[in-house]
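Here is what each chain is made of, one letter per residue.
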Amino acid sequence: AKIGIDAGGTLIKIAYCQNGSINYRSFQSKSMEEAALWITQHFENPTICITGGKSEVLAEKLNTQPKIILEFDATAQGITYLASRQQQSIGNNFLFVNVGTGTSMHYVQNGRQERVGGSGIGGGTLLGLAFLMTGIQDYEQIVQNAAEGNRENVDLKVKDIFEGAIPPISGDLTASNFGKTEAIVSERPADEDILAAMIGFVGEVLVTISSQMAGQYDADTIVYVGSSFRSNPLLQEIIEMYAGMIGKKPVFLDRGEYSGAVGALLAL
Ligand code: ADP
């Protein structure tokens, strides 16, 4: 069997070929032993290609010698492959934004990627801030609770400032993330509302930076990947809304969080 692995800071993503189709599987990076055991027990004499920051650590735990490749190139290849299989047209020049533990932004032109920026704001921020603000640690619980929340109890919108008057920009835009201070102080918002606002905050920062980057590189399409979009429709909605307003086409790929792993698989 052929196996592509993206060993990241938080999650290990595995894409493998079986009976002609690609299958997917992920593990927590902190349970690397478990991932290595699963691989050695499931496959006989596999050929493996690994990418990602934890490549070397994982490679040591396997009993075959894997090929190791650069993560950025693997992700670009994986995105191109998944987009074409899903009939998503992303063109020959596009920006991709990988929202992993942190965020990395890349410009791709004629198959070659160049890293053009990044941000420490990413999926790790979601986990860390969520814990600090609500004490919740479980990712699925965080995103589920956020989906039930109402940001209006936490964020200040433009229309909240322009009471009655007609604002010069859409009143529904966020004027200040977490900025509804008076209301927050007089009554602590529910955890759900805080979590929804937090996802809004992360999404709005990322869509703003990446849209400006797309403008700078004259790319009309921005492909968003990374496990931070897993079970997290709220993050996707925020990015879709703002990117659309700015005139950049946002693209989300099914299994986009496996782009690096798919790219590694394709390198075999
Ligand atoms: P990396 O390659 O840095 O590990 P990923 O693309 O896998 O990055 O994204 C990691 C982020 O995905 C986490 O910070 C978290 O926000 C989110 N995430 C999605 N599913 C899980 C999960 N089961 N456990 C922990 N984090 C998860």
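Please read these numbers as outputs of a predicted model, since none were measured by experiment. (Residues numbered from 1 in each chain as written. Predicted model: local features only at pLDDT ≥ 70, side-chain atom pairs only at ≥ 80, totals over all residues. Heavy atoms only, no water.)

**Description of the sheet that holds strand β12 (residues 249-252)**
To be explicit about the condition: Pairing between strands requires that DSSP locate at least two bridges from one strand to the other. Here a strand is any run of E in DSSP of at least two residues, a helix any run of H or I of at least four, and the numbering for each starts at the N terminus. Structural elements are reduced to axes, namely lines fitted to C-alpha atoms, with helices fitted over the stretch in contact, and the angle between N-to-C directions of any two is expressed from 0 to 180 degrees. Residue contacts are defined here by distance: any two heavy atoms, one from each residue, within 4.5 Å place the two residues in contact.
If you trace the 5 strands from one edge of the open sheet to the other, you get β8-β7-β6-β11-β12, paired in mixed fashion. Both edges of this open sheet fall to β8 (112-119) and β12, since each of them pairs with a single strand only. Sheet twist, expressed as the mean angle between neighbouring strand axes with direction ignored, is 25°. Here strand β6 (residues 93-99) runs beside strand β11 (residues 221-225); their pairing, made up of 4 bridges, is parallel. For Leu95, the partnering residue across the bridge sits in β11 and is Ile222. In the packing of helix α3 (residues 71-85) onto the sheet, contacts are made with β6, β7 (103-109), β8 and β11, and the angle to β6 comes to roughly 115°.

**Looking at the packing of helix α5 (residues 139-147) against helix α8 (residues 191-216)**
For the record, the criterion: Orientation labels follow simple angle bins: below 35 degrees gives roughly parallel, above 145 gives roughly antiparallel, 65 to 115 gives roughly perpendicular, and whatever is left gives oblique. Nonpolar residues are Ala, Val, Leu, Ile, Met, Phe, Trp, Tyr, Cys and Pro. Charged residues are Asp, Glu, Lys and Arg, and all others, Gly as well, are polar.
In the contact formed by α5 and α8, the axes pass within 7 Å of each other and the chain directions differ by 100°. Taken together, the axis directions place α5 and α8 in an arrangement best described as roughly perpendicular. Contacts between α5 and α8 involve Ile142, Val143, Asn145 and Ala146 on the former and, on the latter, Glu192, Leu195, Ala196, Met198 and Ile199. When grouped by side-chain class, the residues that make up the contact of α5 with α8 number 7 nonpolar, 1 polar and 1 charged.

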